[in-house]
Amino acid sequence: MSTQDKQSETTEEEAVDLEVCDVLDEPLIDEETEAPGVESLQQDLEALREANNELENQYMRARADAENTRRISAKEVEKARKFALESFAGELLTVKDSLDQASRVDLSGSVSEQLVEQMSEGLNLTLRQLETVFDKFNIELVNPEAGDALDPDLHQAMTRQPSDEVDSNNILQTIQVGYTLNGRLLRPAMVIVSSGSA
């Protein structure tokens, strides 16, 4: 290494040393801007406490509102369960009244043809009243005919019988009709299913 290289290296080292000294001599806090005082920090702390208290109050109110809403909803659901059938039951009362009137007819003595006709007419009227109630509340009859395909969603097979007229796994006879309420099964139709030719 030449003398000139040594001198240039020494000069660079001295320049770096001078810069480090300058940085170390600078004050950590600028003397022109003061550090925050204790009073300022206490005011900030008090403001934060007040904001925290307000948020806590809002949280408690929101929680109470949610609890009240839940409680009210639970009461409404309970009422709906209790009184869901109120309208339906009210409509059935007219049918019950008609049946009560029919049960009061004295059939112990000789029965005239006119009385039989009146009883038949009364029973038909009562049946029409019941059908009107069913229509009003979307209760529909499930009454499959012989030869219809067995639908496990609507029909309940009670037994199987051989048949030459009806294909296997089709309905041979309806024992008891079924009903749906708004498309949902209330009671399946009870049927006898064909097992095919004997």
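About the criteria used
- Residues numbered from 1 in each chain as written.
- Predicted model: local features only at pLDDT ≥ 70, side-chain atom pairs only at ≥ 80, totals over all residues.
- Heavy atoms only, no water.
- Helix = DSSP H or I, 4+ residues; strand = E, 2+ residues; numbered from the N terminus.
- Expected span 1.5 Å × (residues − 1).
- Buried < 20%, exposed > 50% of the residue type's maximum accessible area, 1.4 Å probe, protein only.
- Contact = heavy atoms within 4.5 Å.
- Core = buried A, V, L, I, M, F, W, Y, C linked by side-chain atoms within 4.5 Å.
- Pairing = 2+ DSSP bridges.
- Axes fitted to C-alpha atoms, helices over the stretch in contact; angles between N-to-C directions.
- Salt bridge = Lys/Arg side-chain N within 4 Å of Asp/Glu carboxyl O.

What about helix H4 (residues 113-136)?
Here comes step 1: For H4, with 24 residues, the first-to-last C-alpha span of 35 Å sits near the 34 Å given by 1.5 Å per residue.
Here comes step 2: Among the residues making up H4, those that are buried are Leu115, Met119, Thr126, Val133 and Phe134.
Here comes step 3: Buried residues along H4 sit in contact with helix H3 (86-103), strand E1 (139-142) and strand E4 (178-181).
Here comes step 4: Directly beyond the C-terminal end of H4, a positive phi value near 55° is found at Asn138.

Details of the nonpolar core
Here comes step 1: Residues Val142, Ile171, Ala189, Val191 and Val193 constitute the largest nonpolar core, which totals five residues.
Here comes step 2: Looking at this core, the element that brings in the most residues is strand E6 (residues 189-194), giving three residues.
Here comes step 3: Not counting chain neighbours up to four residues away, the residues in contact with Ile171 comprise Pro144, Glu145, Ala146, Gly147, Asp148, Ala149, Leu150, His155, Val166, Val191 and Ile192.

Details of the sheet that holds E1
Here comes step 1: Taken together, three strands build an open sheet; the order of strands is E1-E4-E5 and the sheet is antiparallel. Strands with a single pairing partner mark the edges of an open sheet, and in this sheet they are E1 and strand E5 (184-187). For this sheet the average axis-to-axis angle between neighbouring strands, irrespective of direction, equals 35°.
Here comes step 2: When E4 meets E5, the two strands line up antiparallel, connected through three bridges. Note that in E5 the partner of Tyr179 across the bridge is Arg187.

Topic: the pattern of salt bridges
Here comes step 1: Here the structure, examined in full by the defined rule, presents four salt bridges.
Here comes step 2: When the shortest N-O distance is used, the salt bridge between Arg70 and Glu67 registers 2.6 Å. With a gap of three residues between them, Arg70 and Glu67 both fall in helix H2 (residues 38-83), about one helical turn apart.
Here comes step 3: Between Arg71 and Glu67 there is a salt bridge; the shortest N-O distance is 3.8 Å. Of the two residues, Arg71 and Glu67 are both situated in helix H2; the distance of four residues between them amounts to about one turn of the helix.
Here comes step 4: Each of Glu67, Arg70 and Arg71 takes part in a single network of salt bridges with overlapping partners.

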